[in-house]
Structure formats: structure tokens, C-alpha cells
Amino acid sequence: MAKKVAVIGAGVSGLSSIKCCVDEDLEPTCFERSDDIGGLWKFTTTVCSITKRPDFSETGQWDVVTETEGKQNRAVFDAVMVCTGHFLNPHLPLEAFPGIHKFKGQILHSQEYKIPEGFQGKRVLVIGLGNTGGDIAVELSRTAAQVLLSTRTGTWVLGRSSDWGYPYNMMVTRRCCSFIAQVLPSRFLNWIQERKLNKRFNHEDYGLSITKGKKAKFIVNDELPNCILCGAITMKTSVIEFTETSAVFEDGTVEENIDVVIFTTGYTFSFPFFEEPLKSLCTKKIFLYKQVFPLNLERATLAIIGLIGLKGSILSGTELQARWVTRVFKGLCKIPPSQKLMMEATEKEQLIKRGVFKDTSKDKFDYIAYMDDIAACIGTKPSIPLLFLKDPRLAWEVFFGPCTPYQYRLMGPGKWDGARNAILTQWDRTLKPLKTRIVPDSSKPASMSHYLKAWGAPVLLASLLLICKSSLFLKLVRDKLQDRMSPYLVSLWRG
């Protein structure tokens, strides 16, 4: 009999989880509190509680209590996948802004913002410069009388297209780039990146430069610099006080007649359906094994999907998490004993509190490193040396080309026969929609130019680093041999 799995949430993480359950012959039931898309879903259903059954240590089963139209239902599940994500509860830090309760204008959180209509002729202050803040400010700049964008820290602004117009993520999310980042000093790489970003436009001139002492952050926005340049958006420092109709900023400036304040200050995540101590523990990412499995459970039958920040596609990340989790549920993949993991996490937490370690739980994870880590648990991580021996052309694309999710379908459980061809033709599919006007006799040079531009610099740098690394290795081997070989053999070696 197939194991029954409760999937909480029908967003992108929930959809991936349902598919992976079906792939592993599990029986998923998805609970979604809204009336948006679902699967084997139960619409407008609120999950009231998820508790361990009395015989949990033997069965790993859960009691799930739900409510639909005022009526409660109870069901037993063999496993649970929580897919509620990051964006559950709006974070609205009104207490951090003195005078905000005197303000007579409209106050919104970005979750409440839907369309720019209704803001015509108004002066709008957007607080917070993440991806959401940048997008809302740009959209409102087309209808509002004036948009003010307040930031405490500044940000680096990336475009969706990279050099020569190729998609940015396809140009930077590569194994060769990841290898280079591991070898070269981070300070040197940051210097190169900052010079490149400032070459597009000087962030200091546009009021976007990172405040001294603050951690660098990045957003993706193609239009923000142009909106600042033409005056549709005015950059401001952080707000220190509100009056009835105005905002006072850190630099001493005052903006009068503010009609609307929109807080793009993010979200908090919580798990109100859990009991303590599980509820509190799941909010601390340090106590989630590989950001997925809570460490205090004797049976690995509960997984948190999508509660992670990646420097890359979150969609492919949640799918790989779900592939791993469903195989753990079936007993095909194992995780270390909970007691050992809990002890290690507790020790690390203490070291963080004492300042020995830096708390990186809120940082975004390197995309390739995290994906490879989860793929290794499943048995789907591609072996680059093996690929170079068996299929050099594919190995070249896997190492020097974009690291797309196809790479985790080349081998192991869930292998797809079409993965190789999909990798070899991914650039063709990317560029084909753009080629609606073909210039005669230009296809061949353009293709060669594409490969040189897309691969030239990474290949050259990675090759040089490999050569240097190999040279150091050979020198080390030679020195070791010299200590053991006779003078005659040493002379032959040098000769």
C-alpha cells in the first residue's frame, strides 16, 4: 500500500512535491487555504494542526487536522511536506518609524499592492530596496506624480541580460565560474564585479551605492537606473520620522505631501500548526538538516520544502529538495541520526552566540554548491571527470555551459534519456525566439561569435587556474620524489 503524504500548500514548492510523490509511487494529498490552483488538492482548506501520533517513534505518522467551511476533519498521514514558503506573514515594522501613527496618508505592505491604477497623481514613498521595492517603484513611476524610494543600505543593480545580450543567469551560473570563485580570493572577485557593475552606471551617482560597513546585496531590475536618470524615481536615505503629511530622512531632508507609504520590508515565516518545541525549532534554519529536515525528530517523516534562499532558481532548488525528500520517505535515502545532528547544531549555535562563527543561516546559498549537495544525497550529481572520459562534448557543456536542472537528470534515480540533448541544445532554444529577422549569410559567424563570447573568458581563466594548480601539484610530487630518489635518478628527472 502506498504511503500517504500530506502536502501543505499548493504553490510552486507544493506542485513540485506532488509530482515527486507521484514519481515515487506515494499518495499525496495537497491542502491549500486559498482557491488558487491545486492538484489532488483540497481548496480553501486551513491546516489547523499537525501533531505526532502516540506511536510516532515506531511509525513516524502524523495527525493532520484541517478545517473547510467551518467543519474540521482529522486524517492520518505517513509523512508531511510543508510547502508554505517564505512569503506567508507580511513584516510591517511600524514601531521602527517614529510618528507613523500620526501619518494621515495610506499605509500599505507590498503584499497588498496589486496594480498601479489608483495611484495617479499621488506622491508615493516606497520603503525598502529589494527586488519587490525596485519593481513596485518602477511600475508606479508610470502613473504616480512622484515616487520616492528609501533605502538604508543601497544595492547593486543587475540587469536581466549580460554582455552581448545573453541571459544573465545563463552566463554566471556555470560550474567553471563556481570553480574560479573557489580558487580566487573573494576580495579580488568582488573588485572585478563592482568595476563591471559600475561600468554600466555609477551606483554612487545614482544614489544606490552600498553604505559603508553594510553587507553587499543585489537586485535584478532593468528599468530602475533609467527611472532615476529621468527623475521619475528619487532615491532617499532611510526614514527617521513621520509627521501627519511628510517624511523626515536620515540626511536631514524632508519630503512634504506624501499620499501613500508602501513598505516592501519582506515577510516572516512561521508554522502555527506545529506544537512546541517543533514550532520554534523549524524557524531556526540551523536546526534544519540541509535546510529541509528538522533535527529533533526520531523519524524523518517531516520535511520543510522551499524555505531557502538561493543565488539561482528557487524552482529547480525546491524540485530537487522534493526528489530527495520523497526518497527519504520511502527509505531509499538515509540521513544521519537525529541525536548526532542535534548535538552538532546546538554546539554551532553556541559558538555563533559567542561570536566564534558567523551566522550564515539568513544568507543566500551558492546555487551550484547547494544543488550538488542535495543531488549527491540522491545519487544524481553529475561526475565531470567521468563525463570527460565517456562524453567529452557533454562534459564541456556541463562544466563550461549554464548549470541548468537538466544536469541532475543525466544519471541516477529520475534519469531522463532526453537530458543530454536538452543540455546540448539549450542555447538554441534560448536564442531561437529572438531570431525573428534572419540576415542572410550571418548565421555561421554569429554562431562562432556566440561560442567565443559565451565561453572564451571562463574557459581561458579556468584553464589557467587548472594549469597553475597542476603545476603546483607536479612541483610537490617532484620535490617529494627528490627526497627519496638517488642522485642519478634525480638527474634523469631534471633532464
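Residues numbered from 1 in each chain as written. Predicted model: local features only at pLDDT ≥ 70, side-chain atom pairs only at ≥ 80, totals over all residues. Heavy atoms only, no water.

Help me understand helix α10 (residues 338-353), please; the structure alone is not making it clear to me.
In an α-helix there are 3.6 residues to a turn, and that puts residues three or four apart on one side. Between the first and last C-alpha of α10 there are 22 Å, a value that for 16 residues agrees with the 22 Å anticipated at 1.5 Å per step. Those residues of α10 that sit buried are Ser338, Leu341, Ala345, Glu349 and Ile352. The arc that holds every buried residue of α10, seen down its axis, measures 70 degrees, which confines them to one face. Across α10 from its buried face, at more than 90 degrees, point the exposed residues Gln339 and Met343. Close packing links the buried residues of α10 with β20 (288-289). Immediately beyond the C-terminal end of α10, within one or two residues, lies Gly355, with a positive phi of roughly 85 degrees. (Helix = DSSP H or I, 4+ residues; strand = E, 2+ residues; numbered from the N terminus. Expected span 1.5 Å × (residues − 1). Buried < 20%, exposed > 50% of the residue type's maximum accessible area, 1.4 Å probe, protein only. Arc of directions from axis to C-beta. Contact = heavy atoms within 4.5 Å.)

Help me understand the sheet that holds strand β9 (residues 106-109), please; the structure alone is not making it clear to me.
What holds strands together in a sheet is hydrogen bonding between their backbones, with the strands either parallel or antiparallel. Taken in spatial order, the 5 strands line up as β9-β18-β10-β11-β14 in an open sheet, and their pairing is parallel. Either end of the sheet is taken by a strand with one partner, and the two such strands are β9 and β14 (233-236). In this sheet, adjacent strand axes meet at a mean angle of 20 degrees when their direction is disregarded. The pairing of strand β10 (residues 123-127) with strand β18 (residues 260-263) spans 4 bridges and is classified as parallel. Residue Val124 lies in a different strand from β18, and its bridge partner there is Val260. (Pairing = 2+ DSSP bridges. Axes fitted to C-alpha atoms, helices over the stretch in contact; angles between N-to-C directions.)

What is the right way to read the pattern of salt bridges from this model?
Oppositely charged side chains are able to pair whenever their charged atoms sit close together. In the structure shown here, the tally under the stated rule is 17 salt bridges. Among the salt bridges present, the one from Lys284 reaches Glu349, with a minimum N-O distance of 3.6 Å. Pair noted here: Lys284 is in the loop between α8 (278-282) and β20 and Glu349 is in helix α10, with a separation of 65 residues, a long-range link. The shortest N-O distance in the salt bridge between Asp373 and Lys290 comes to 3.1 Å. With Asp373 in helix α11 (residues 367-378) and Lys290 in the loop between β20 and β21 (293-294), the pair connects residues that are 83 residues apart, well separated along the chain. By sharing partners, the salt bridges in this structure join Glu24, Arg327 and Lys330 into a single network. (Salt bridge = Lys/Arg side-chain N within 4 Å of Asp/Glu carboxyl O.)

It is not clear to me how the sheet that holds strand β16 (residues 247-249) should be interpreted in this structure. Could you clarify?
Across the sheet, 3 strands lie side by side as β15-β16-β17; this open sheet has antiparallel pairing. The open sheet has two free edges, formed respectively by β15 (239-242) and β17 (254-255), since each of these has just one partner strand. Strand direction decides the pairing type here: β16 and β17, joined by 2 bridges, are antiparallel. Following the sheet pairing, Ala247 is matched in β17 by Glu255.

Interpretation note: all reported values are geometric properties and have no functional meaning in isolation.
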